[in-house]
Amino acid sequence: MSVPVVRHTQPWPDCYDPTPDRPVTLIARDLQTAEHLLPHTHPFGQLTHTRDGVIRVTAAGSSWIVPPSRAVWIAPGVVHAVTVLQPTRLRPVRILAGRTPFPGEDCRVLDVSNLLRELIHALEQLPPVETAQRATLLSELMLDELAASPALPMPVPLPRDKRLVTLCERLLDDPGTPLTLADWARQAGASERTLARLFERELGMSFGQWRQQVRLAHAAPLIARGMPLARVAEELGYASQSAFSQMFRKTFGCSPSAFFACR
């Protein structure tokens, strides 16, 4: 009997929490676009991963766009929330606080290797009360693979000032919008200069730089699933594929095609 799949956002029973006998467990949720897991915390660490679809994870003042090729590590006790951007099969892996593979409370995005993906799938097939040798072996191998997983430094920082919160949330939901900072200023009832100062003070970058990070974060899952670059550029508000590729090359030092071929 495999882990049951639920289609709601309510808390899971405690029997699925990790224990010293079984330090790694997994739960399964199939969720639809625009569903939310509201801000919450766990006494254990969690690797937030989806088998299909794309989610946005918000934690520790940052936001990450997460396709199946990535996962977000959330340390024990860190408040986090999840927004479903595409219908998704969410498969969070829970890890006992005493066995976390990463020190400290920092969140990080991990590149999901083929082995890690298969280990998550195998863990899903185990009964929640399984204590046999197979569960132990899978847990130990997963912890070892996690510790060796490369991190991808692409967080999108989030503001605290209320004048920026709504603006940034709307850009995260629609990164291709053509609205300029002057347009946003008129909607927010503040001057363009005030908003520009707030971006520098709150996020340490200009409005244009922050919007570029948002667009890069959204571009990754689109390119990874095979969407043509011209369409990616169009969806993200770039005038042409060459303009998008030039921005990408300036950030990562190579073209989008070369970057994802390496991944």
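Please read these numbers as outputs of a predicted model, since none were measured by experiment. (Residues numbered from 1 in each chain as written. Predicted model: local features only at pLDDT ≥ 70, side-chain atom pairs only at ≥ 80, totals over all residues. Heavy atoms only, no water.)

Trainee: Describe the overall build of the protein, and please don't skip the residues or the numbers.
Mentor: Along the protein, the regular secondary structure elements total nine helices and 13 strands. Whereas a compact globule of 263 residues would reach a radius of gyration of roughly 18 Å, the protein reaches 20 Å, a difference of no more than 12%. C-alpha extents for the protein along the principal axes are approximately 60 × 40 × 35 Å. If you take every contact in the protein between residues at least 6 apart in sequence, the share linking residues at least 24 apart comes to 70%. With an accessible surface of roughly 12700 Å², the protein has 52% of that area assigned to carbon and sulfur atoms. Looking at charge distribution, the protein has the averaged site of its 28 positive side-chain charges lying 6 Å from that of its 25 negative ones. (Helix = DSSP H or I, 4+ residues; strand = E, 2+ residues; numbered from the N terminus. Rg over C-alpha atoms; globule rule 2.2 N^0.38 Å. Contact = heavy atoms within 4.5 Å. Areas by Shrake-Rupley, 256 points an atom, 1.4 Å probe, with all protein chains shown as cover. Lys, Arg positive; Asp, Glu negative; His and termini not counted. Charge placed at Lys NZ, Arg CZ, Asp CG, Glu CD.)

Trainee: So what's going on with the pattern of salt bridges? Which residues, and what values?
Mentor: Inspection of every chain in the model, using the stated rule, returns twelve salt bridges. Arginine 89 is the salt-bridge partner of aspartate 52, the closest N and O atoms lying 2.4 Å from each other. Of the two residues, aspartate 52 is situated in the loop between strand S5 (45–49) and strand S6 (55–59) and arginine 89 in strand S10 (residues 88–90); the sequence distance between them amounts to 37 residues. A network of salt bridges, in which partner residues are shared, links Arg7, Asp30, Arg51, Arg91 and Glu124. (Salt bridge = Lys/Arg side-chain N within 4 Å of Asp/Glu carboxyl O.)

Trainee: Can you tell me about the layout of surface pockets, naming the residues and giving the values?
Mentor: Estimated volume of the largest pocket: approximately 410 Å³. For the largest pocket, the lining is made up of 20 residues, of which Pro39, Thr58, Ala81, Leu158 and Glu169 are closest to its centre. Broken down by class, the residue content of the lining of the largest pocket amounts to 13 nonpolar, five polar and two charged. Of the volumes computed, that of the second largest pocket is approximately 320 Å³. Lining the second largest pocket are 21 residues, with Pro11, Arg29, His40, His42 and Arg94 positioned closest to its centre. Of all elements in the fold, only strand S4 (36–40) and strand S9 (80–84) reach the threshold of two or more residues within the lining of the second largest pocket. It is S4 that contributes the most residues to the lining of the second largest pocket, four residues altogether. (1 Å grid on protein atoms, 1.4 Å probe; cavity = no way out; pocket = protein on both sides within 12 Å on 5 of 7 lines; lining within 4 Å. Points joined across faces, edges and corners; volume = space filled by probe spheres on them. Nonpolar A, V, L, I, M, F, W, Y, C, P; charged D, E, K, R; others polar.)

Trainee: Please give an account of the packing of aromatic side chains that cites residues and values.
Mentor: All told, the structure shown has six aromatic pairs when counted by the stated rule. Measuring from centroid to centroid gives 4.6 Å for tryptophan 12 and tyrosine 16, while their planes differ by 80 degrees, and the two rings are edge-to-face. The pair formed by tryptophan 12 and tyrosine 16 is uniform in burial state, with each residue classed as buried. Three or more aromatic residues joined by ring pairs form one cluster here, namely Phe199, Phe207 and Trp210. (Phe/Tyr/Trp six-rings, centres within 6.5 Å; stacked < 30°, edge-to-face > 60°. Buried < 20%, exposed > 50% of the residue type's maximum accessible area, 1.4 Å probe, protein only.)

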